[in-house]
Amino acid sequence: MKHDVLDGVFSPKSIAVIGASNTKGKIGYTVVDNLIQSNYQGPVYPINPKDAEIQGFKAYPSILDVPGEIDAAVVVIPAKFVPQVAKECGEKGVKGLLVIASGFSEVGYIDLELQVVEIAQQYGMRVLGPNIVGVLSNSDNCNASFAPGLPLPGKAALGSQSGALLIAMDTASYTRRVGFDKMVSIGNMSDVNFGDMIDWLDQDKNTTCISFYIEGLQDGQNFIRAARSAQKPIIALKAGTSAHGAAAAASHTGSLAGSGKIYTSAFEQAGVVPAADLNNLFDRTQALSLQPPMKGKNLLVITNGGGVGVLATDAAERSGLPLHFAPADLQAGLKKHMPSFGSAKNPVDMTGMAGKEWYQDSVQFALAHDWVDGLAVLYCETAMTAPLEIAKGIKAAIEAVGAHQKPVAVSFVGGKDSQTAMRWLVEAGIPAYDAPDTAVDALAALHEYAESKKTSAAKFEPFVDVHEATAREIIAQVRAEGRTGMTEIESKNIFKAYGLPVADTRLATSEEEAVQLAENIGYPIVMKIMSPDILHKSDAGGVKVNVNGETAVREAYRTILANAKEYKAEADIRGIVVQEMAPWATEVILGSINDPTFGPTLMFGLGGIFVEILKDVTFRVAPVSPEQSIKMLDDIKGAPILKGARGEEPRDRVALSEVLSRYSQMIVDLGDEVNESDANPVLVYAEGEGVIVVDARVILKEA
Ligand code: ACO
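Residues numbered from 1 in each chain as written. Predicted model: local features only at pLDDT ≥ 70, side-chain atom pairs only at ≥ 80, totals over all residues. Heavy atoms only, no water.

Asker: Let's hear about the site of the ligand: which residues, and what values?
Answerer: The ligand sits among 23 residues. The nearest are Ser-21, Lys-26, Asn-48, Lys-50 and Ser-102. The contact in question runs from an oxygen atom of the ligand to an N or O atom on the side chain of Lys-26, over 2.5 Å. The backbone of Ile-132 places a nitrogen or oxygen atom 3.4 Å from a nitrogen atom of the ligand. Here the residues of the shell around the ligand are counted per class, giving 14 nonpolar, seven polar and two charged. (Near = heavy atom within 4 Å. Polar contact = N/O pair within 3.5 Å; in protein donor to acceptor, adjacent residues only side chain to side chain. Nonpolar A, V, L, I, M, F, W, Y, C, P; charged D, E, K, R; others polar.)

Laid out in structure tokens, this is it:
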């Protein structure tokens, strides 16, 4: 039902243009002209209060005067008049309002925009925009926009938050040889958003790949949900990756999170392939729209020249698909299609003598071989061979083994004939690029897609042995005291309620009690000041480690109290924490923030200088399963330290991944209350020996 309404936005069968005009140079003129030029087959109803005929169509003073049904109304009148016509559209039963008009939330008129959305909701209409270029669809012969013309026909769909960029990509699709069936300008996203686009396009038979230019998502969780369940590849270029709120953040996590990092993680979690820049968006879109995913890591490169082979080898390593020598039987088979001085290792160099037949036979043999997961076919134009013939040989080979079994990307380096051959290849469904490294990156994208689809499919199974109610009781007590900062013990008790292994930590309110607790826990111990007013305990001289024996406990108790009073005379001192002294192990840090786009978000990194100086951390939108959190451990540059580098014993990565997963559940469950939190340090012992949270901090949202 919901999709039927969105049909009116993305694939309308009848269109009214409100603000249609006979005056050249007006957007209302261009939209009608574009519908004519694109050979739109459905009825077009220009709406204009003055003219009875517009560009050959009968015009109507109001949409309510139109006799037939209307799927989409393209709105090209000044913003202030839009609510009134939206109401009339609702009364008329229009499904989609495509609001080209600018002058809404993008310039501060938020209420005007909300008014239009509210009216639309009353009538069950969907709103695209406002502040858009429009919708272009090759399969519908529909250019309901003021972009110059329909894009190069193809199988991709583009959604763009920038109208200008959409127009640029529309025209560039011809020079870049990237075909699109649909281009949708999404504008201010007052209603229809990227998640809606994914849901609709995933059901659309005319597209095979969804490509996005994103500046900012409003509902990150909905985007992740839609992308995760999509059956088609999604590729996204995220623009504007500067850090937000970093300076104001009270925790490590807040200061380390830039929106770019969290978007990167969210894309990976959702199975979305990232694009590094606009060129990369085009190139990767071409590959993902034409080729199947690359399921394994074995990339074979076939060339007629050493140079392009070396460039491809370098690119393969950069892209995370380093080349390996082909197995002996594959080499032997390939050797038949080259002179004795050729090389069948990988890259396979058939030498400059390679013509159509050698290419065809080698490609066919390689694609049929089990070892090969993806194939880059490179060619340098020579006077001995005709590029178009080589292209035909490649296509014939792919067809012989069955198109869409394994991905192939091609690069012809040469002049006009190579360009013609590559255009022919793309029309035949084979991605072709000017540079060998771009062809390799295209295959890397197909591999990234296959890999991220595997991890994004893993479901989070909540832990059942958690005590959310206990955590909420602790929070309620803190709230009752009008605080947002929790003490170490309160924070640790929350962690404990989620089954997180925290160091045995108790509160002493007298010297006597401190001695008693220390003796129960066992020496040596750590003693720390507990005061909601002293967050940085070490700076206040409020921490003593390795305290061994009764006399030492008494001395430490007095010194810590004196230091704290000197540091902040008016501090509310609740006592002194007595804590077991965990033996040294690899230090890591866990943290959480409430990201404005994605909600509760988890951070992981190695502790100490790794986090302070190198900022070697990784993020995930919570929750994450233990399987997904193992991937987090692998993400950081210091990953080998946990795996046991330079003779060190491997660390307990399994226990750590469970801790991350439980922690992620904690921050989701308590997401309405907790603003940020961290566990720092967390000590990770050798394999099988577990993990211990030494210090923890929870900061609540402002009431
Ligand atoms: N119903 C029907 N027609 C109406 C109504 C109405 N209620 N009110 C006015 N009209 C007619 C007008 O009479 C006029 O027709 P005419 O040419 O026969 O006189 C026509 O609608 C257009 O109205 P104008 O007042 O002339 O408005 P104009 O065309 O100057 O501007 C527009 C309207 C294009 C919507 C403008 O306000 C605007 O928002 N421009 C920016 C759009 C834009 O750039 N969007 C994309 C952003 S992305 C990017 O930057 C590429």
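Asker: Explain unusual backbone geometry residue by residue, including any values.
Answerer: Here the amide bond leading from Tyr-523 into Pro-524 is cis, since omega sits at -5°, within 30 degrees of zero. In the segment running from Ala-622 into Pro-623, the intervening peptide bond is cis, with an omega of 0°. Looking at the secondary structure, you find Pro-623 in the loop between strand 26 (617-621) and helix 22 (626-635). Even without being glycine, Asn-39 reaches a positive phi, approximately 65°. Examined against the element boundaries, Asn-39 turns out to sit in the loop between helix 2 (27-37) and strand 2 (44-47). Positive phi values are uncommon outside glycine, yet Met-189 reaches one of about 55°. Tracing the backbone shows Met-189 in the loop between strand 11 (180-185) and helix 6 (194-202). With a relative accessible area of 4%, Met-189 lands in the buried category. (Helix = DSSP H or I, 4+ residues; strand = E, 2+ residues; numbered from the N terminus. Buried < 20%, exposed > 50% of the residue type's maximum accessible area, 1.4 Å probe, protein only.)

Asker: Which residues make up the sheet that holds strand 18 (residues 408-413), and what are the values?
Answerer: If you trace the five strands from one edge of the open sheet to the other, you get 16-15-17-18-19, paired in parallel fashion. Here the strands that pair on one side only, and so sit at the sheet edges, are strand 16 (348-349) and strand 19 (432-433). Along the sheet face, helix 16 (residues 436-457) touches strand 15 (299-303), strand 17 (374-380), strand 18 and strand 19 and points at about 170° away from the line of strand 18. (Pairing = 2+ DSSP bridges. Contact = heavy atoms within 4.5 Å. Axes fitted to C-alpha atoms, helices over the stretch in contact; angles between N-to-C directions.)

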